[in-house]
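Geometric and topological summary
Here is what each chain is made of, one letter per residue.
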Amino acid sequence: MFRILQRFSPVKRRATTLICARYSTGSKEHIDGLVKEKNLVVFMKGTPDAPRCGFSNAVVQILNMHGVEKFDAHNVLEDEDLRQGVKDYSNWPTIPQVYMQGEFLGGCDIMIEMHKNGELIEELKKAGIRSALLDIPEEK
Amino acid sequence: MPYTPAELEEKLRTGLDATHVKIEDLSDGCGAKFSCLTVSSQFEGKALLQRHRLVNGILAEELKTIHAFSQKTLTPQQWESLKQESS
């Protein structure tokens with residue numbers, strides 16, 4: 001039994017390598033598939049319910065503040081290929097990364113800045129999302 | 001090899017003609033977590049994403065090992081009004 005395994009393992013290993021190279025989760029094709037034609041996609045550390053990094057948490061909190069709770073989230077800590085691949089994809093060196101309708105919107109700093117200056121409300125509108133902040137009456 | 005705020009500041013000063021750069025090391029010395037303020041006239045007329053990309057471009061090599069990097073990018077004019085607000 002052991003000998004049979006030994007005999008077949010090199011072939012099997014090569015086959016696995018080929019499959020991995022072809023279907024790498026970090027490839028442009030794979031990430032295209034994750035972000036294109038999707039309204040809102042976040043690549044983050046941890047999950048929206050349990051972020052594992054302050055910057056990722058900030059992005060989720062900002063989206064929640066605008067009433068956005070439905071979005072695709074991908075945990076890069078579970079996938080090293082994806083973690084590097086998404087950085088190459090957007091030519092952006094850090095996680096989290098937010099994509100809207102296939103376009104890279106920004107990381108944490110940019111989301112915070114756009115939240116502060118009101119641009120995020122406009123960006124969400126472009127994606128057909130009405131920010132919940134518009135429904136809060138302004139204090140007089 | 002950890003980076004010091006001083007060498008990162010120098011790179012931004014030369015690379016972007018930055019008139020003011022302030023980098024804080026938030027990593028307690030391990031050199032992998034920084035916050036960065038850059039003031040440069042090259043940011044004028046550029047959206048935030050493009051400004052950040054300029055900074056990322058200058059520090060491309062360093063950012064491979066720096067895992068937390070938050071930044072503010074201001075034009076000289078924005079920087080002046082910010083200083084006046086806070087004084």
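Under the annotation held in an unreviewed UniProt entry, chain B carries the name BolA-like protein 2 and is attributed to Capitella teleta. For the record of chain B, the UniProt heading Sequence similarities (unreviewed entry) holds the text "Belongs to the BolA/IbaG family."

Where an unreviewed UniProt entry is consulted, chain A appears under the name Glutaredoxin-related protein 5, mitochondrial, with the organism given as Capitella teleta.

**Structural notes on the overall build of chain B**
What chain B contains, in helices and strands, is 4 helices and 3 strands. For chain B, the α and β elements follow one another from N to C terminus as α-β-β-α-α-β-α. The 87 residues of chain B split such that 40% are buried. Taking as baseline every contact in chain B between residues at least 6 positions apart, the subset at least 24 positions apart corresponds to 56%. Carbon and sulfur atoms make up 52% of the accessible area of chain B, which amounts to about 4,900 Å² in all.

**Structural notes on the packing of helix α2 (residues 28-35) of chain A against helix α4 (residues 80-90) of chain A**
Axis angle and axis distance: for two packed helices, these are the angle between their axes and the distance between the axes, and together they describe the pair. All names here are of chain A. Contact geometry of α2 with α4 gives a least axis separation of 10 Å together with a crossing angle of 80°. Between α2 and α4, the angle is such that the two are roughly perpendicular. Taken together, the residues of α4 that come into contact with α2 (itself represented by K28, H30, I31, D32, L34 and V35) are L82, G85, V86 and Y89. Among the residues forming the contact of α2 with α4, the class breakdown is 6 nonpolar, 2 polar and 2 charged.

**Describing the pattern of salt bridges**
Inspection of every chain in the model, using the stated rule, returns 11 salt bridges over all chains. Taking the shortest distance from any N to any O, the salt bridge between D72 of chain A and K38 of chain A comes out at 3.4 Å. Of this pair, D72 of chain A sits in strand β2 (residues 72-75) while K38 of chain A is found in the loop between α2 and β1 (40-44), placing the two residues 34 residues apart along the sequence. A relative accessible area of 29% means that D72 of chain A is categorised as partly exposed. Note that K126 of chain A is salt-bridged to E123 of chain A, the shortest N-O span being 3.1 Å. Placement of both K126 of chain A and E123 of chain A in helix α6 (residues 119-126) is noted, with a separation of 3 residues, approximately one turn of the helix. When salt bridges that share partners are traced, they join E9, E10 and R13 of chain B into one network.

**A closer look at the packing of helix α5 (residues 108-117) of chain A against helix α2 (residues 48-58) of chain B**
Where α5 of chain A contacts α2 of chain B, the axes come no closer than 10 Å and their chain directions differ by 150°. Looking at the two axes, α5 of chain A sits roughly antiparallel to α2 of chain B. Of the two elements, α5 of chain A crosses α2 of chain B, and the hand of that crossing is right-handed. For the pair α5 of chain A and α2 of chain B, the contacting residues are D109, I110 and E113 of chain A in the first and L48, L49 and H52 of chain B in the second. Per-class residue counts for the contact of α5 of chain A with α2 of chain B are 3 nonpolar, 1 polar and 2 charged.

Each value, and the rule that gives it
- Residues numbered from 1 in each chain as written.
- Chains lettered and ligands numbered in written order.
- Predicted model: local features only at pLDDT ≥ 70, side-chain atom pairs only at ≥ 80, totals over all residues.
- Heavy atoms only, no water.
- UniProt positions renumbered as here; feature names shortened; annotations may be inferred.
- Helix = DSSP H or I, 4+ residues; strand = E, 2+ residues; numbered from the N terminus.
- Buried < 20%, exposed > 50% of the residue type's maximum accessible area, 1.4 Å probe, protein only.
- Contact = heavy atoms within 4.5 Å.
- Areas by Shrake-Rupley, 256 points an atom, 1.4 Å probe, with all protein chains shown as cover.
- Axes fitted to C-alpha atoms, helices over the stretch in contact; angles between N-to-C directions.
- Parallel < 35°, antiparallel > 145°, perpendicular 65-115°, else oblique.
- Nonpolar A, V, L, I, M, F, W, Y, C, P; charged D, E, K, R; others polar.
- Salt bridge = Lys/Arg side-chain N within 4 Å of Asp/Glu carboxyl O.
- Left-handed = near helix turned anticlockwise from the far one by under 90°.

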